[in-house]
Amino acid sequence: MPYLEETYDIVVVGAGHAGCEASLACARLGLETIMFTVSVDSIALMPCNPNVGGSSKGHLVRELDALGGEMGKNIDKSFIQSKMLNESKGPAVHSLRAQADKQDYSRQMRKTLEQTDHLTIRQAEVSEIVVEDGKIQGVRTFSGALYRAKCVILCTGTYLKARCIYGDVSNPTGPNGLQAANHLTDSLKANGIEMFRFKTGTPARVDKKSIDFSKMEEQFGDERVVPFSFSTDPESVQKEQVSCWLTYTNQETHRIIRDNLDRSPLFSGAIEGTGPRYCPSIEDKVVKFPDKDRHQVFVEPEGLYTSEMYLGGMSSSLPEDVQYAMYRTVPGLEHVQIVRNAYAIEYDCINALQLKPTLEFKKISGLYAGGQFNGSSGYEEAAVQGFMAGVNAAMKITGRDQVVLSRSQAYIGVLIDDLVTKENHEPYRMMTSRAEYRLLLRQDNADIRLRKIGHDIGLVSDKEYEQLIHKMEAIDLEIKRLGRTVVGLNPKTRACMEKYGSTQLKSGITLAELIKRPELDYDKLEELDEERPELAADVREQVNIEIKYEGYIKRQLQQVEQFGKLENKKLPENFDYSEVNSLRREAVQKLNKVQPATIGQASRISGVSPADISVLLVHFTRKQ
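Residues numbered from 1 in each chain as written. Predicted model: local features only at pLDDT ≥ 70, side-chain atom pairs only at ≥ 80, totals over all residues. Heavy atoms only, no water.

If you check an unreviewed UniProt entry, the chain appears there as tRNA uridine 5-carboxymethylaminomethyl modification enzyme MnmG from [Clostridium] citroniae WAL-19142. Checking UniProt for the chain, the heading Sequence similarities (unreviewed entry) contains the comment "Belongs to the MnmG family." A UniProt comment under Subunit (unreviewed entry) is attached to the chain, and it reads "Homodimer. Heterotetramer of two MnmE and two MnmG subunits." (UniProt positions renumbered as here; feature names shortened; annotations may be inferred.)

### Description of the domain arrangement of the chain
A common way to state how big an interface is: give the accessible area lost once the parts meet. Under the domain assignment, the chain is made up of domain 1 (5-452), domain 2 (462-565) and domain 3 (569-623). Measuring from the centre of the C-alpha atoms in domain 2 to the corresponding centre in domain 3 gives 45 Å. (Domains from an automatic or database assignment.)

### Brief notes about the packing of helix α10 (residues 379-398) against helix α11 (residues 411-421)
Look at α10 against α11: their axes get within 10 Å of each other, and the N-to-C directions meet at 85°. In terms of orientation, α10 lies roughly perpendicular with respect to α11. In contact with Glu 381, Val 384, Gln 385 and Met 388 of α10, α11 contributes Ile 412, Leu 415, Ile 416 and Leu 419. (Axes fitted to C-alpha atoms, helices over the stretch in contact; angles between N-to-C directions. Helix = DSSP H or I, 4+ residues; strand = E, 2+ residues; numbered from the N terminus. Parallel < 35°, antiparallel > 145°, perpendicular 65-115°, else oblique. Contact = heavy atoms within 4.5 Å.)

### What to know about the environment of Val 287
Tracing the chain through its elements places Val 287 in helix α8 (residues 282-288). Separated by 30 residues in sequence, Val 287 and Ile 257 have C-alpha atoms that sit 9.1 Å apart.

### Structural notes on the packing of aromatic side chains
Inspection of every chain in the model, using the stated rule, returns seven aromatic pairs. Look at Phe 213 and Trp 245: their rings are 4.7 Å apart centre to centre, the planes differ by 35°, and that puts the pair in the tilted class. You can see Phe 213 sitting in the loop between β15 (205-207) and β16 (217-219) and its partner Trp 245 sitting in strand β17 (residues 244-248), a full 32 residues away along the chain. Residues Phe 213 and Trp 245 agree in their burial class; the two are buried. Through a chain of ring-to-ring contacts, the aromatic side chains of Phe 575, Tyr 577 and Phe 620 assemble into a single cluster. Against the face of Tyr 428 rests Arg 434, its NZ or CZ located 4.2 Å from the ring centre. (Phe/Tyr/Trp six-rings, centres within 6.5 Å; stacked < 30°, edge-to-face > 60°. Buried < 20%, exposed > 50% of the residue type's maximum accessible area, 1.4 Å probe, protein only. Lys NZ or Arg CZ within 6 Å of the ring centre and 35° of its normal.)

### Observations regarding helix α17 (residues 550-567)
Taking 1.5 Å per residue, 18 residues should reach 26 Å; α17 reaches 25 Å between its end C-alpha atoms and fits that length. Against α16 (537-548) and α19 (599-603) lie the buried residues of α17. (Expected span 1.5 Å × (residues − 1).)

### With respect to helix α1 (residues 17-28)
Its 12 residues give α1 an end-to-end C-alpha distance of 17 Å, which sits within 8% of 16 Å, the value for a rise of 1.5 Å per residue. With 11 of 12 residues buried, α1 lies mostly within the body of the structure. Where α1 is concerned, the buried positions are His 17, Ala 18, Gly 19, Cys 20, Glu 21, Ala 22, Ser 23, Leu 24, Ala 25, Cys 26 and Ala 27. Just downstream of α1 lies Gly 30, where phi reads positive at about 90°.

### Considering the sheet that holds strand β9 (residues 135-141)
Ordered in space as β1-β10-β9-β8, the four strands form an open sheet in which the pairing is mixed. Single-partner strands in this sheet number two, and they are β1 (5-7) and β8 (126-132). Pairwise comparison of adjacent strand axes, ignoring direction, gives a mean angle of 25° for this sheet. Where β1 meets strand β10 (residues 146-148), three bridges bridge the pair, whose relative direction is parallel. (Pairing = 2+ DSSP bridges.)

### Re the nonpolar core
Formed by 106 residues in total, the largest nonpolar core has its most connected members in Ile 129 and Ile 153. At 11 residues, α10 tops the list of elements feeding residues into this core. Those residues in contact with Ile 129 that sit more than four places away from it in its chain are Ile 136, Gly 138, Val 139, Leu 154, Leu 184, Ser 187, Leu 188, Asn 191, Ile 193, Ile 364 and Leu 367. Counting 25 residues, the second-largest nonpolar core is a separate cluster that includes Val 206, Phe 213, Trp 245 and Ile 257. (Core = buried A, V, L, I, M, F, W, Y, C linked by side-chain atoms within 4.5 Å.)

### Side note on the UniProt feature "binding site: FAD" (unreviewed entry) in the chain
Mapped onto this numbering, the UniProt entry gives "binding site: FAD" (unreviewed entry) at Gly 14, Ala 15, Gly 16, His 17, Ala 18 and Gly 19. Its location among the elements puts His 17 in helix α1. In contact with His 17, not counting residues within four places along its chain, are Ala 44, Leu 45, Met 46, Met 71, Tyr 105, Tyr 379, Ala 382 and Ala 383. Mapped onto the secondary structure, Ala 18 falls in helix α1. Leave out the neighbours within four places in its chain, and Ala 18 touches Cys 155, Gly 370, Gly 371, Ala 382, Ala 383 and Gly 386.

### Thoughts on the pairing of β8
Two elements, β8 and β9, share six bridges in a ladder whose sense is antiparallel. Across the sheet, Glu 132 pairs through a bridge with Lys 135, a residue of β9. Hairpin connection from β8 to β9: two residues lie between these consecutive antiparallel strands, with Asp 133 at a positive phi of about 50°.

### A few points about the pattern of salt bridges
In the structure shown here, the tally under the stated rule is 55 salt bridges. Note that Arg 224 and Glu 235 form a salt bridge whose closest N and O atoms lie 2.6 Å from each other. Taken together, the residues Arg 224 in the loop between β16 and β17 and Glu 235 in the loop between β16 and β17 connect sequence positions 11 residues apart. Close ionic contact of Lys 396 with Glu 360 constitutes a salt bridge, the shortest N to O distance being 3.0 Å. One end of the pair, Lys 396, is in helix α10; the other, Glu 360, is in the loop between β21 (343-350) and β22 (367-369), and 36 residues separate them in sequence. Among the charged side chains, a salt-bridge network with shared partners connects Arg 407, Asp 417, Asp 418, Lys 422, Glu 436, Glu 567 and Arg 604. (Salt bridge = Lys/Arg side-chain N within 4 Å of Asp/Glu carboxyl O.)

### Quick look at unusual backbone geometry
Here Asp 133, not a glycine, exhibits a phi torsion of approximately 50°, which is positive. Within the secondary structure layout, Asp 133 lies in the loop between β8 and β9. Using a relative accessible area of 80% as the deciding quantity, one classes Asp 133 as exposed. Although it is not a glycine, Asn 176 adopts a positive phi angle of roughly 55°. One can find Asn 176 in the loop between β13 (169-171) and α5 (184-190). The partly exposed category is assigned to Asn 176, whose relative accessible area is 31%.

Set out below in structure tokens:
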């Protein structure tokens, strides 16, 4: 029986946040790309929280944008509230977070994909990868059609053998009741790919009309919105924003949960998958933090044209009747009506130790992976992996060098390095504490760090790159001017120092030195600076940070230089570490399993000690 057969450069399996970024990167680089999804209605779906960004995740989105990704531009088109988090802390942990109109976010991304040249969208379930002699040849769909390709990128999200569970109810579906992908796992296992079973969850969606907001704290967006994308005109995103709301659980909520733990599939053993430690269900929180008498509940709108509200912080897999009972103990939710029940979702994903830092499988040439399929959680983590997998698949086909970002270059580098180096037995979530060089990897300077790389890849336009060059020149000129502009002892200076509680001057001082004082900054000194040029807000921000944190930044740059020496020492592929004398047995096992690309990566493998790294350095130095 004849089957349909087509040929492309690249096949992308999945159309979530990873699949969208992978497909756009490949197609924009001129490669004929086909993207498969079990439902075209699920393109760029937000099955869980209705927002983009947040602590550390905002960094990822801005880095993705600097490299030429789409998520930042898309949320700028579809946000309904925007807020800069952690503003009371230092700039290293400032993070942008925006509430999305879920439907609009998906619609805008789909429109972008459909208008992109070299990109075909196909609704079909991929059931098999086709591999010959360790090389990917393409994929086969459930209908039997064969799609040949030079590279395949797997971005299956939470759809592989997915199962949605609450109480005794277990549905073999993907998120939001969409069709699961039940056949691909067997093909992956048949090709020697090691699979894990992970779990995530989502709270109930409730009817806005049944909420009493007078018992909650209103949460507003920022007066002045900062866009996610460096290409978005800041004036274009200033608009009226919707409110979010904050309320809390209480002892009665917790009593109902504790009394019904035996009915929770999380605790009864009905759920096999490992859940995310840093995004626990309300049952987990009550059990793990028994001393806490309340937990935050964020009530967030799902969009402008729906009454559905998301109960952030109360994801659950408890039975339907218990969900009603516990939600109705929360102030403001006493008469709440549930639109969609909370549920847990189990799905198949891979052990990411099987991947190179390029996100290509070590044992199958041309097969790449991105997103929750790699054992991570979160839209932002998924998007950046999809993008990097897409870029590297395109680089492989066109014969160009693969792109690997280091831990000192980007949060993206930290995320991917952690996934492919460390053993992750639960869904991985990005956090600022995972990055060693937080002061260098700020969200505000993502364009300065990464725009050139995006331009070299071919995903940042000449115009966008020229704008960055002009911005960097403006920053440099202003820092130099402030370093040579001296203010003297006069009534104006005295009044300014008094106004901000700063020590009075004893002699003339440069404006740059004054900016370094904790209580002062670039904007506060405007009244003393008669020659100050008109500068854009992002330039002023960089000038202030570069001067104020100069000493700390220099120290981190020195650390990066030392780190770079290890990171640049390459290790051979498919090496048998039992050949190295004096390595401990555990180190040999771990090194053989991970097959690190560099000495730096080897040093971060759990079970490999500094002494083992010294042995490796001696061994390979002698060999050279």
